[in-house]
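Coordinate inspection notes
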Amino acid sequence: MCGIVGAVAQRNIVPVLIEGLRRLEYRGYDSCGVAVLAGGEPHRARSVARVADLDEQVRETHLEGFTGIAHTRWATHGAPVTNNAHPIFSRNALALVHNGIIENYESLRDMLRGKGYEFVSQTDTEVIAHLIHSLYRGDLFAAVREAVQQLHGAYAIAVEHKDQPDTVVGARQGSPLVVGLGEGENFLASDALALAGSTEHFIFLEEGDVCELTLERVRVADRDGNDVEREVRTVAAYGGAVELGPYRHFMQKEIFEQPRAIGDTIPQADSFDASLFGDAAATAFGEIDNLLILACGTSYYSGLTAKYWLESIAKIPTQVEIASEYRYRDSVPNPKSLVVVISQSGETADTLAALKHAQSLGHKHTLSICNVGTSAMVRLTELSFLTHAGREIGVASTKAFTTQLVALFVLAATLGKLRGHVDASLEAQYVRQLRHLPAALNSVLALEPQIIAWSEDFSRKENALFLGRGLHYPIALEGALKLKEISYIHAEAYPAGELKHGPLALVTEAMPVVTVAPNDTLLEKLKSNMQEVRARGGELYVFADSDTRIVSEEGLHVIRMPEHYGLLSPILHVVPLQLLAYHTACSRGTDVDKPRNLAKSVTVE
Ligand code: M6R
């Protein structure tokens, strides 16, 4: 999704801006641009191709300057064409980049047209540029502060004005923005990652903040216009480029990193203690009697899986809701709820908004399960548990998902112990099973050659059904999501028992039906559902635990999972589905790491 980089320095800043955009590329974008102040006016280059193309353009045109802003755009208002690419200019005096969506842009546009401003793009962003220009009286910081009072919606912006050649001003509301502090130079970015290599010292701006960067100084004002001192945090972890190594794509690399990522996420201690979730967790966990889980996409599916664990291990009622629905629904708040937000990035706009909505309804206890310790979500919640997946580059979530599952299992076991449902021997058994997971995952990854053979068949299909039951229904959902987002094959998942209530009508010889078949209490029921498919000519592709006695025959293809893994089985069963989606997408030749229309971190609603 959209990315921002800005800088004020005493050297040509364009290479730093382009490198920043490169670091944000994996998030998904469809156009990009850079603008510098030089010779008393703004100059820009924009491209609807990749950042590499923009780099070539700036080299050819010798675009150079000491003050600049840059952007990767993921189109919302207006097609991905050069004219809509940022930076957007106002009267050749001011340049601006913007992440987010301005909801009242139509009324602002009418007002600004009335003042003689001409609109040359279809973006909502252009109103911000003209609005700030219309309010500029020699002080960009003051003009931005005044302008943002009139904006409704979400924004992170960076602005420069020809009359203040050593200044960049930023503002945020609903979209992230960080200041990077250098020696005699300062930076701005939508993600600290963009500034790796330039600084390790960051100010994570808060909602409503406006900042002014000059060579020697960073000034921050809060939403009420008061100058404030924000904490400076040192984050070294962003350094270094992520290498692909022997893998074809980051998604494949990330699938194979799961044993390591899971090993790093499993707590060191041999017991489940509330303190794993923060100092205030013991008190908070003692005051709750239910959970409300809010998340989007793959993270929502990890929440759905967790519901089974939380209700069966901890006996605590759990509700799981898609964040974008919850935030706009009239719900009944329960002060005894623990609100759990799950997110890889910690910046997903819908999940953040749902969290804030839950807090505004009076929910006191909140917990984030997140892969980014410096994210807005972690900063906003009372409690947190960090997954250690490491940077996930592929748009399709893989290691983030399985590490979330580990975190949620630990949560269920911890609450189960506190509530008297997990005794010492059960605790020791869970710890043993967790510790063995990396080795078990390695055995599952060794199934790759068999899955590649299946993917040849799948790559010629246009539809697929995924079936699972109980704990593995969310895994079927995740398998279908993986297949559709990277191979563009239409895929749907159902709890297998639901098939006869409608979707069975879709089953013909042309419909592959992927079935997740662990050896659990629902196995015999699942086998009956598989018979229903075979009776209609449907072709079954089954991932079966080795002790299920499901064997290959005409129309029934079986890959045997190496181990039966009880309650933790979803963490193993999702891996072949990730591999199936990955190899099918490779056979179809899609852009696996950057699938069309999608972004890694969805920071607009
Ligand atoms: O960063 P988050 O976990 O909050 O992201 C949520 C979804 O956007 C994300 O899981 C998305 O569904 C993935 N592309 C799925 O692979």
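Treat the numbers as computed from the prediction; the structure is a model and nothing was measured. (Residues numbered from 1 in each chain as written. Predicted model: local features only at pLDDT ≥ 70, side-chain atom pairs only at ≥ 80, totals over all residues. Heavy atoms only, no water.)

Where charged atoms of side chains with opposite charge meet at close range, the side chains can pair. As enumerated under the stated definition, the model contains 26 salt bridges in all. For Glu19, the salt bridge identified is with Arg23, shortest N-O distance 3.3 Å. In this pair, Glu19 and Arg23 are both assigned in helix α1 (residues 14-24), four residues apart and thus about one turn of the helix distant. Given the relative accessible area of 32%, Glu19 is considered partly exposed. Put simply, Glu321 and Arg329 hold a salt bridge, and the shortest N to O gap is 2.5 Å. Judged by its relative accessible area of 34%, Arg329 falls in the partly exposed class. A single salt-bridge network, built from bridges that share partners, covers Glu19, Arg22, Arg23, Asp55 and Arg59. (Salt bridge = Lys/Arg side-chain N within 4 Å of Asp/Glu carboxyl O. Helix = DSSP H or I, 4+ residues; strand = E, 2+ residues; numbered from the N terminus. Buried < 20%, exposed > 50% of the residue type's maximum accessible area, 1.4 Å probe, protein only.)

Another point: the sheet that holds strand β22 (residues 512-517). Paired through their backbone hydrogen bonds, the strands of a sheet run either parallel or antiparallel. If you trace the five strands from one edge of the open sheet to the other, you get β21-β20-β22-β23-β24, paired in parallel fashion. Pairing within the sheet leaves two strands with one partner each, and these edge strands are β21 (490-495) and β24 (556-561). Across the sheet, the axes of successive neighbouring strands diverge by a mean angle of 20 degrees, strand direction being ignored. Where strand β20 (residues 463-468) and β22 come together, three bridges link them in parallel fashion. Its bridge partner lying in β22, Leu467 is registered against Thr515. Contacting β20, β22, β23 (539-545) and β24, helix α17 (residues 523-535) crosses the sheet at an angle of about 170 degrees to β22. (Pairing = 2+ DSSP bridges. Axes fitted to C-alpha atoms, helices over the stretch in contact; angles between N-to-C directions. Contact = heavy atoms within 4.5 Å.)

Under the UniProt annotation, the feature "domain: SIS" (unreviewed entry) is placed at residues 281-421 and 454-595. The span residues 281-421 is 46% helical and 20% strand by assignment, and the distance between its end C-alpha atoms comes to 18 Å. (UniProt positions renumbered as here; feature names shortened; annotations may be inferred.)

All told, the structure shown has two cavities of 30 Å³ or more when counted by the stated rule. Put simply, the largest cavity is a space of about 80 Å³. Top contributing element to the lining of the largest cavity by residue count: strand β6 (residues 94-102), with three residues. As a volume, the second largest cavity reaches approximately 50 Å³. Looking at the second largest cavity, the residues that line it are Ile266, Pro267, Ala269, Ser271, Phe272, Val431, Leu434 and Arg435. Here the lining of the second largest cavity is built from residues that sort into six nonpolar, one polar and one charged. (1 Å grid on protein atoms, 1.4 Å probe; cavity = no way out; pocket = protein on both sides within 12 Å on 5 of 7 lines; lining within 4 Å. Points joined across faces, edges and corners; volume = space filled by probe spheres on them. Nonpolar A, V, L, I, M, F, W, Y, C, P; charged D, E, K, R; others polar.)

All right, on to the site of the ligand then. Taken together, 15 residues lie near the ligand, and Ser299, Ser343, Gln344, Thr348 and Glu485 sit nearest. At a separation of 2.6 Å, an oxygen atom of the ligand approaches a polar side-chain atom of Ser299. Coverage of the ligand by the protein chains reaches 91% of its 410 Å² of free accessible surface. Breaking the shell around the ligand down by element, the ones donating at least two residues are α9 (297-313) and α16 (473-487). Taken together, the residues of the shell around the ligand break down into five nonpolar, eight polar and two charged. (Near = heavy atom within 4 Å. Polar contact = N/O pair within 3.5 Å; in protein donor to acceptor, adjacent residues only side chain to side chain. Areas by Shrake-Rupley, 256 points an atom, 1.4 Å probe, with all protein chains shown as cover.)

Before going further, it helps to spend a moment on the pairing of β20. When you tally the buried positions in β20, you get five out of six residues, the bulk of the element. Sheet analysis places β20 next to β21, joined by six bridges and oriented parallel. When the bridges of β21 are listed, Leu465 appears paired with Glu492. With respect to chirality, the unit in which β20 leads through α16 into the neighbouring parallel β21 is right-handed. (Right-handed = clockwise from strand over helix to strand, strands pointing away.)

With that settled, consider the environment of Lys253. By secondary structure assignment, the location of Lys253 is in helix α6 (residues 250-256). For Lys253 and Glu243, which are 10 residues apart along the polypeptide, the C-alpha to C-alpha distance reads 9.5 Å.

The subject of this paragraph is the nonpolar core. Of all hydrophobic cores here, the largest spans 89 residues; its most connected members are Trp309, Leu411 and Phe466. In this view, Trp309 contacts Ala314, Leu405, Leu408, Phe409, Ala412, Leu471, Leu567, Leu568, Pro570 and Ile571; residues no more than four positions away in its chain are not counted. Within the second largest apolar cluster, 30 residues are counted, among which are Leu96, Ile102, Ile128 and Ala143. (Core = buried A, V, L, I, M, F, W, Y, C linked by side-chain atoms within 4.5 Å.)

Along the chain, the position of Gln344 falls in the loop between β17 (337-343) and α11 (349-360). Exposure remark for Gln344: the relative accessible area of 14% places this residue in the buried category. Polar side-chain contacts of Gln344 include one of 3.1 Å to the side chain of Asn371. Once residues lying within four places of it in the same chain are set aside, the contact partners of Gln344 are Ser299, Cys370, Asn371, Val372, Glu392, Ala400, Gln404 and Lys600.

Pairing is antiparallel in the open sheet, where eight strands are placed in the order β3-β2-β4-β1-β10-β9-β11-β14. Lying at the two open borders of the sheet, with one neighbouring strand each, are β3 (41-47) and β14 (233-234). When strand β2 (residues 31-38) meets β3, the two strands line up antiparallel, connected through seven bridges. Opposite Leu37, over in β3, you have Pro42 as the bridge partner. In the packing of α1 onto the sheet, the strands contacted are β1 (3-8), β2, β4 (67-73) and β10 (186-189), and the crossing angle to β1 comes to about 160 degrees.

On to the side chain of Ser601. In this fold, Ser601 is placed in the segment after α18 (569-588). In contact with Ser601, other than residues within four places in its own chain, are Met1, Arg27, Ser345 and Glu347.

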